[in-house]
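Observations on the three-dimensional arrangement
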Amino acid sequence: MTKKQLVRKLLDCGIIHKGKVVLRSGKKADFYIDLKKAYGQPELLAALVAEMSKLISKKATCIATIGQGGIPLATLVSQKLNLKLVLVRDKPRRHGTKKTVDGYIPSQKDKVVIVDDVFTTGSSVRDIIKRLKLTKCKIISAVVAVRRGESKNLKKMKITSIFSQEDFYKS
């Protein structure tokens, strides 16, 4: 499936929500990209994972993610590429071990690629970086399905994406 065909199929499954919404960062927007709608459709999810996998550095030793949107993509990408999976929590657990990182815990030897669904302000990426700081791992890049914004605080970080928000308006 070409990227253009994938965009068309994503639009057909209704990932664009027009109207006022509050984003994860707390900012307000007049549209929302709900990529999670595609996760229930195996063909679309497989196509997204295939495209994302092409963007992961060969130097990566593990994949890190946070939140509902990133976990399905990161899990499948890590499985496809045979890389360890780091699951970062938004908040520490209130029970059990009260930890903020599940799955693989990276070390200073690891080269981490962050995977997420939609990048708007970079709040998810910043949260992952903050929570993994103690592990002393090296975060080498972030790969997202859709890039719809920029972050002043992440200018030095390499952030790549399959699509930009404009891809969904051109189609």
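Located above this text is the structure these notes cover.
To start, this report covers the structure provided alongside it. Quick caveat, the model's predicted, so the values are computed rather than measured. (Residues numbered from 1 in each chain as written. Predicted model: local features only at pLDDT ≥ 70, side-chain atom pairs only at ≥ 80, totals over all residues. Heavy atoms only, no water.)

1. Observations concerning helix H4 (residues 123-132)
An α-helical turn contains 3.6 residues, so a residue and the one three or four places further along point in the same direction. When we look at burial in H4, the residues that qualify are Ser123, Ser124, Val125, Ile128, Arg131 and Leu132. Structurally, H4 contributes buried residues whose contacts are with strand E3 (62-66), strand E4 (84-88), strand E5 (101-103), strand E6 (111-119) and strand E7 (138-147). (Buried < 20%, exposed > 50% of the residue type's maximum accessible area, 1.4 Å probe, protein only. Helix = DSSP H or I, 4+ residues; strand = E, 2+ residues; numbered from the N terminus. Contact = heavy atoms within 4.5 Å.)

2. Focus: the packing of helix H1 (residues 3-12) against helix H2 (residues 42-54)
Contact geometry of H1 with H2 gives a least axis separation of 11 Å together with a crossing angle of 140°. The angle between H1 and H2 places the two elements in the oblique class. Here H1 and H2 pass one another in a crossing that is left-handed. Here Lys3, Leu6, Lys9 and Leu10 of H1 lie close against H2, whose contacting residues are Glu43, Leu44, Ala47, Leu48 and Glu51. Broken down by class, the residue content of the contact of H1 with H2 amounts to five nonpolar, no polar and four charged. (Axes fitted to C-alpha atoms, helices over the stretch in contact; angles between N-to-C directions. Parallel < 35°, antiparallel > 145°, perpendicular 65-115°, else oblique. Left-handed = near helix turned anticlockwise from the far one by under 90°. Nonpolar A, V, L, I, M, F, W, Y, C, P; charged D, E, K, R; others polar.)

3. Looking at unusual backbone geometry
One can expect most non-glycine residues to show negative phi and most peptide bonds to be in trans. With a phi angle near 55°, Asn82 is a residue other than glycine that sits in the positive phi range. We classify Asn82 as exposed; its relative accessible area is 71%. Positive phi, normally seen in glycine, also occurs at Lys136, with a value near 65°. By the secondary structure assignment, Lys136 is in the loop between H4 and E7.

4. As for the environment of Leu48
If you trace the backbone, Leu48 turns up in helix H2. Judged by its relative accessible area of 0%, Leu48 is buried. Excluding anything up to four places from it in sequence, Leu48 contacts Leu6, Leu10, Leu35, Ala38, Leu73, Ile162 and Phe163.

5. Remarks on the packing of aromatic side chains
Counting across every chain of the model gives one aromatic pair. Both rings, one in Phe163 and one in Phe168, keep their centres 5.4 Å apart while their planes meet at 65°; by these two values the pair is edge-to-face. A single burial state applies to Phe163 and to Phe168, both of which are buried. (Phe/Tyr/Trp six-rings, centres within 6.5 Å; stacked < 30°, edge-to-face > 60°.)

6. A word on the side chain of Ser78
Tracing the chain through its elements places Ser78 in helix H3 (residues 67-81). Not counting residues up to four positions away in its chain, the partners in contact with Ser78 are Ile63, Leu83, Lys84 and Leu85.

7. Things to note about the packing of H2 against H3
Two elements in contact, H2 and H3, have axes separated by 9 Å at closest approach and are oriented at 60°. By the angle class used here, H2 and H3 are oblique. Every pair of crossing elements has a handedness; the one defined by H2 and H3 is right-handed. On H3, the residues touching Leu45, Leu48, Val49, Ala50, Met52 and Ser53 of H2 are Leu73, Leu76, Val77, Lys80 and Leu81.

8. Let's talk about the sheet that holds strand E8 (residues 159-164)
Read from one edge to the other, the open sheet built from six strands follows the order E5-E4-E3-E6-E7-E8, with strand pairing classed as mixed. The open sheet terminates on both sides in strands that have one partner only, identified here as E5 and E8. Strand-to-strand, the axes of this sheet are offset by a mean angle of 25°, without reference to chain direction. Here E3 pairs with E6 via three bridges, running parallel. If you follow Ala64 over to E6, its bridge partner there is Ile114. (Pairing = 2+ DSSP bridges.)

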